[in-house]
Amino acid sequence: MAKGIWIFAEQREGQVKKVAFELLSEGRKIADQLGEELAAVLVGKDVAGLVDALGEYGADKVYLVEADALENYTTDGYTKVVADLVKQYEPSALLLGCTVTGRDLAAGLAQRLETGLMTDCINMELTDGQLVFTRPVYAGKAFVKASCPEARPAMATIRPNTFAAVAGAKTPEVVKVTPDTGDIRQVIKDIVRQISTRPELTEADIIVSGGRGMKGPENFKTLEELSDVLGAAVGASRAAVDAGWVSHSFQVGQTGKTVSPVLYIACGISGAIQHLAGMSSAKCIVAINKDEEANIFKLADYGIVGDLFEVVPVLTEELKKVMA
Amino acid sequence: MKILVCMKQTFDTEAKIAFDGDGKIDGKGVTMIMNPYDEYAVEEALKIKESGAGEVTVISAGGAKAQDALRQALAMGADKAVLLETGELEMDEYATAVVLAKAISELEYDIILGGFRAIDDGSAQVMGRVAEILNVPIVNVITKLEIADGKAVATREIEGGSEVVEVSLPAVFTAQKGLNEPRYPSMKGIMKAKKKPMDKKSVSDLGVDVAPKVKALSFSLPEQRQAGKVVPGEPAEAARELARMLREEAKVI
Ligand SMILES: Cc1cc2nc3c(=O)[nH]c(=O)nc-3n(C[C@H](O)[C@H](O)[C@H](O)COP(=O)(O)OP(=O)(O)OC[C@H]3O[C@@H](n4cnc5c(N)ncnc54)[C@H](O)[C@@H]3O)c2cc1C
Ligand SMILES: Nc1ncnc2c1ncn2[C@@H]1O[C@H](COP(=O)(O)O)[C@@H](O)[C@H]1O
């Protein structure tokens, strides 16, 4: 019988993604309830140094899969080595972070393993021995609870920031795997990284977003200053993206990114249904808008009715003092 | 160049969600659209066709109404459509992918395009599964695609940047916003579309096992968020007060 809760410990450039620690922490609880082992699958090149951190967040075991060909993520290479490992050890569940990589890997992997996959989940619980996942559909306008009753492993990708990452000391057993990376058909020609000290939008605890009310690209600097004080990511409405003020990777909403930060500050955003779909699960929403009738105020925890060009600079200065 | 586009009909983004008597999402009276990401896929297919010789076939699995979305693609300039009628079948992404892959395997293809995600209950996995079943490489969430000499060079979005990936054809690509600007069907296009071939097949005739792997247990709506407080005072004063409230009351910073 399939046994063991597995977490895909996503790393890029020698850094484990925070969401992997979140999954280990929550996976620990599930594994304890089931009396099963919690294992992390770590894939890459020269990544053995990351094993301890995975133990720290609860892994009993780490499958360490290293090869030169696995230095960069490729769909084919990673699908092959993880699928082979799953077939060999038959875990009961395999969880991944819902990141660009997690999503990419999970789909092909689920098909190769002929199993079910629930994506972008925001909760997981055990009901009668089955893992039941909650996932938003229609961009958060509704939720569905679902399970994968028979096929194993049950697979899910979990949205970053869903669970808390809690460190507890463990020294994991390391299983070194010599992988067959197979034929990798995706050839990585180039990786371009925008140099940014800000966190990734989908992982950020705090997001400062701007909409059409920003009036122009140059004014996003005002938001950057605010976000730097808060250690926040910058986001945008589609209106700001379509106007060409910021790149589409900033867009929050039904056809952009879905985010669940602790704090979301919407500046000059009216609160169209498509925008709300992407951010209404934020724990605390702040709206700054000069129109007191703006829809965003209907769900904002705190609102300021006023000109954002007056409000934001003062807020930035005040927060500097508060955060000091 | 034979280009296939998988496209799904979805609820309009303005749609409000309600449940039917069985506690499932009710589609009655909801305006349906082509999944926005699939519009980028169709547009890209048309651009590839226009840059050389080619034929674009659009494929959708769904109810009879999905024809409307297929017709829209034909009106944009696609050549043929295939409708895989699902009837009363309960499908999950596994089943959908099996069905699409089976239909595709009966066609010729060099390039298969889809959206990176369906905006309804979509989960950004159908195309990955299709690629796996067909055993062709996939490049996901692309914002640029160049085709030359039986190869494709695609730029895909990754966290905090982008990646340039080369694959040999045939291959699957999924479209992200930024790939192109989808055209609107012209009047002439709409007229022409009516005469273009629409091949209809019942999913049950495809001879594949469509038993879903995932079981939906229950649906619910999010808790309605309540309007909170408007921080009083002149802008500067309110900003000062807000900073304090975020720390002391909301405790989020
Ligand atoms: C298929 C489809 C998909 C979509 N997907 C998305 C999506 O993913 N994300 C998304 O965001 N939208 C999406 N939209 C667009 C959405 O419908 C809205 O058009 C968009 O969200 C509006 O952006 P906005 O709030 O910035 O602009 P507006 O609605 O124009 O609002 C601007 C706001 O700024 C305020 N303002 C102006 N000046 C100031 C000032 N000086 N100080 C303070 N406030 C000021 C105004 O009062 C106004 O409320 C989608 C639409 C469609 C049809
Ligand atoms: N029923 C369907 N018929 C045709 N294509 C589909 C269908 N479902 C999903 N797709 C394709 O797969 C992409 C991703 O969908 P999903 O995995 O459901 O988010 C969509 O953008 C479509 O291109």
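Residues numbered from 1 in each chain as written. Chains lettered and ligands numbered in written order. Predicted model: local features only at pLDDT ≥ 70, side-chain atom pairs only at ≥ 80, totals over all residues. Heavy atoms only, no water.

**So, the pairing of strand 4 (residues 38-44) of chain A**
Residues and elements named next belong to chain A. With 7 of its 7 residues buried, strand 4 lies for the most part within the structure. Every second residue of strand 4 is oriented toward a common face, with L38, A40, L42 and G44 on one face and A39, V41 and V43 on the other, all of them buried. As paired strands, strand 1 (residues 5-8) and strand 4 are joined by 4 bridges and run parallel to one another. Its bridge partner lying in strand 4, F8 is registered against V41. Relative to strand 5 (residues 61-66), strand 4 runs parallel, the two being bridged by 6 bridges. (Buried < 20%, exposed > 50% of the residue type's maximum accessible area, 1.4 Å probe, protein only. Helix = DSSP H or I, 4+ residues; strand = E, 2+ residues; numbered from the N terminus. Pairing = 2+ DSSP bridges.)

**Brief notes about the side chain of T258 of chain A**
Relative to the elements of secondary structure, T258 of chain A occurs in the loop between helix 6 (238-242) and strand 16 (263-267). Those residues in contact with T258 of chain A, other than ones at most four positions away along the chain, are R159, T202, A277 and G278 of chain A. (Contact = heavy atoms within 4.5 Å.)

**Thoughts on the pairing of strand 15 (residues 233-236) of chain A**
Where burial is concerned, the two faces of strand 15 of chain A agree: the one with A233 and G235 of chain A and the one with V234 and A236 of chain A are both buried. After leaving strand 14 (residues 206-210) of chain A, the chain enters helix 5 (residues 220-230) of chain A and then returns to the sheet as strand 15 of chain A, a path that is right-handed. (Right-handed = clockwise from strand over helix to strand, strands pointing away.)

**Comments concerning the sheet that holds strand 8 (residues 123-127) of chain A**
Strand pairing within a sheet occurs via backbone hydrogen bonds; the two strands may be parallel or antiparallel. Reading across the sheet, the 4 strands line up as 8(A)-9(A)-10(A)-12(B) and stay open at both edges, with antiparallel pairing between neighbours. Among the strands making up the open sheet, the edge pair consists of strand 8 of chain A together with strand 12 (215-220) of chain B. Neighbour-to-neighbour, the strand axes of the sheet open up by a mean angle of 25 degrees, direction not taken into account. Bridge count between strand 10 (residues 142-147) of chain A and strand 12 of chain B: 5 bridges; the pairing is antiparallel. (Axes fitted to C-alpha atoms, helices over the stretch in contact; angles between N-to-C directions.)

**Details of the pattern of salt bridges**
All names here are of chain A. The tally for this structure, following the rule as stated, stands at 48 salt bridges over all chains. Across the pair E317 and K320 runs a salt bridge whose closest N-O atoms are separated by 3.2 Å. Of the two residues, E317 and K320 are both situated in helix 8 (residues 308-323); the distance of 3 residues between them amounts to about one turn of the helix. Exposure remark for E317: the relative accessible area of 41% places this residue in the partly exposed category. (Salt bridge = Lys/Arg side-chain N within 4 Å of Asp/Glu carboxyl O.)

**Observations concerning the site of ligand 1**
Taken together, 27 residues form the shell around ligand 1, and within it R212, S237, T255, S270 and Q274 of chain A come nearest. One chain alone does not account for the residues near ligand 1; they come from chains A and B. Contacts to ligand 1 include R212 of chain A, whose side-chain N or O atom sits 2.6 Å from an oxygen atom. With respect to ligand 1, the backbone of V252 of chain A contributes an N or O atom lying 2.8 Å from a nitrogen atom. If ligand 1 stood free it would expose 980 Å²; the protein chains cover 80% of that surface. Those elements that place two or more of their residues in the shell around ligand 1 are helix 6, helix 7 (273-279) and helix 8 of chain A. The class makeup of the residues in the shell around ligand 1 is 6 nonpolar, 15 polar and 6 charged. (Near = heavy atom within 4 Å. Polar contact = N/O pair within 3.5 Å; in protein donor to acceptor, adjacent residues only side chain to side chain. Areas by Shrake-Rupley, 256 points an atom, 1.4 Å probe, with all protein chains shown as cover. Nonpolar A, V, L, I, M, F, W, Y, C, P; charged D, E, K, R; others polar.)

**Some words on a negative patch on the surface**
There is a patch of like negative charges on the surface, built from D307 and E310 of chain A together with E234 and E237 of chain B. When you line up the elements, E237 of chain B lands in helix 6 (residues 235-248). (Patch = residues over 30% accessible without salt bridge, like charges linked within 9 Å, V, L, I, M, F, W, Y side chains within 5 Å. Lys, Arg positive; Asp, Glu negative; His and termini not counted. Charge placed at Lys NZ, Arg CZ, Asp CG, Glu CD.)

**As for empty space enclosed by the protein**
One water molecule sets the probe size; rolling that probe over the atoms shows where empty space is left. Summed over all chains, the structure comprises 3 cavities of 30 Å³ or more. Size it by volume and the largest cavity reaches roughly 90 Å³. Along its surface, the largest cavity is lined by T75, D76, T79, D104, G108, R112 and R185 of chain A together with G128, A131, E132, V136 and I138 of chain B. Listing elements by their share of the lining of the largest cavity, those giving two or more residues are helix 3 (75-89) and helix 4 (100-112) of chain A together with helix 4 (126-134) of chain B. Of the residues that constitute the lining of the largest cavity, the class distribution is 3 nonpolar, 4 polar and 5 charged. For the second largest cavity, the calculated volume is near 60 Å³. Forming the walls of the second largest cavity are Y73, T74, T75, D104, Q186 and I188 of chain A together with I138, V139, N140, R156, E163 and V165 of chain B. Where the lining of the second largest cavity is concerned, the elements lending two or more residues are strand 7 (138-148) and strand 9 (161-168) of chain B. When residues of the lining of the second largest cavity are assigned to their parent elements, the largest contribution, 3 residues, is made by strand 7 of chain B. When grouped by side-chain class, the residues that make up the lining of the second largest cavity number 5 nonpolar, 4 polar and 3 charged. (1 Å grid on protein atoms, 1.4 Å probe; cavity = no way out; pocket = protein on both sides within 12 Å on 5 of 7 lines; lining within 4 Å. Points joined across faces, edges and corners; volume = space filled by probe spheres on them.)

**Quick look at the site of ligand 2**
All names here are of chain B. Around ligand 2, the surrounding shell holds 20 residues, and the nearest of these are C6, D38, S123, A124 and Q125. Note that an oxygen atom of ligand 2 is positioned 2.7 Å from one of the backbone N or O atoms of C6. Bound to the protein, ligand 2 loses 97% of the 480 Å² it would expose on its own. When contributions to the shell around ligand 2 are tallied by element, the ones reaching two or more residues are strand 4 (55-62), helix 3 (93-105), strand 6 (111-115) and helix 4. Considering every element that reaches the shell around ligand 2, the biggest residue donor is strand 4, with 3 residues. The residue makeup of the shell around ligand 2, split by class, is 9 nonpolar, 8 polar and 3 charged.

**Description of the domain arrangement of chain A**
Interfaces are often sized by the accessible area lost when the parts come together. All names here are of chain A. The domain boundaries assigned to chain A delineate domain 1 (5-177) and domain 2 (201-323). Between domain 1 and domain 2, the C-alpha centre-to-centre distance is 31 Å. With 10 residues of domain 1 at the interface, the matching set in domain 2 holds 12 residues. On the domain 1 side of the contact with domain 2, A139, R159 and N161 bury the most area, a combined 52% of that side's loss. Summed over the shared surface of domain 1 and domain 2, the result is 2 salt bridges. Taken together, the links from domain 1 to domain 2 amount to 4 residue pairs in polar contact (both at pLDDT 80 or more). Of the residues assigned to the side of domain 1 that touches domain 2, the class counts are 3 nonpolar, 3 polar and 4 charged. (Domains from an automatic or database assignment. Buried area = accessible area lost by both parts, 1.4 Å probe.)

**Some remarks on the domain arrangement of chain B**
Its domain assignment divides chain B into domain 1 (2-206) and domain 2 (223-253). For domain 1 of chain B versus domain 2 of chain B, the distance between C-alpha centres works out to 44 Å.

**Quick notes on the sheet that holds strand 4 of chain B**
Ordered by their spatial adjacency, 10 strands build an open sheet running 13(A)-9(B)-8(B)-7(B)-10(B)-6(B)-1(B)-4(B)-5(B)-11(B), and the pairing between neighbours is mixed. One side of each edge strand has no neighbouring strand; the edge strands of this open sheet are strand 13 (187-193) of chain A together with strand 11 (198-202) of chain B. Along the sheet, successive strands turn relative to each other by an average axial angle of 25 degrees, direction set aside. Across the sheet, helix 4 of chain A touches strand 7 and strand 8 (151-158) of chain B, and the angle it forms with strand 8 of chain B is around 130 degrees.

**Thoughts on the interface of chain B and chain A**
Listed per partner, the contact involves 78 residues of chain B and 88 residues of chain A. In total, about 7100 Å² of surface goes out of reach between chain B and chain A, with carbon and sulfur atoms giving 56% of it. The largest share of the area that chain B buries against chain A comes from E159, K177 and R225 of chain B, three residues that together contribute 12% of it. Where chain B meets chain A, there are 9 salt bridges. The partner of R225 of chain B in a salt bridge is D301 of chain A, and the shortest N-O contact between them spans 2.9 Å. Run the count over chain B and chain A and you get 47 residue pairs in polar contact (both at pLDDT 80 or more). Residue classes in the side of chain B that touches chain A are distributed as 40 nonpolar, 17 polar and 21 charged. When strand 13 of chain A meets strand 9 of chain B, the two strands line up antiparallel, connected through 6 bridges. Within strand 9 of chain B, the residue paired with V187 of chain A across the bridge is E166 of chain B.

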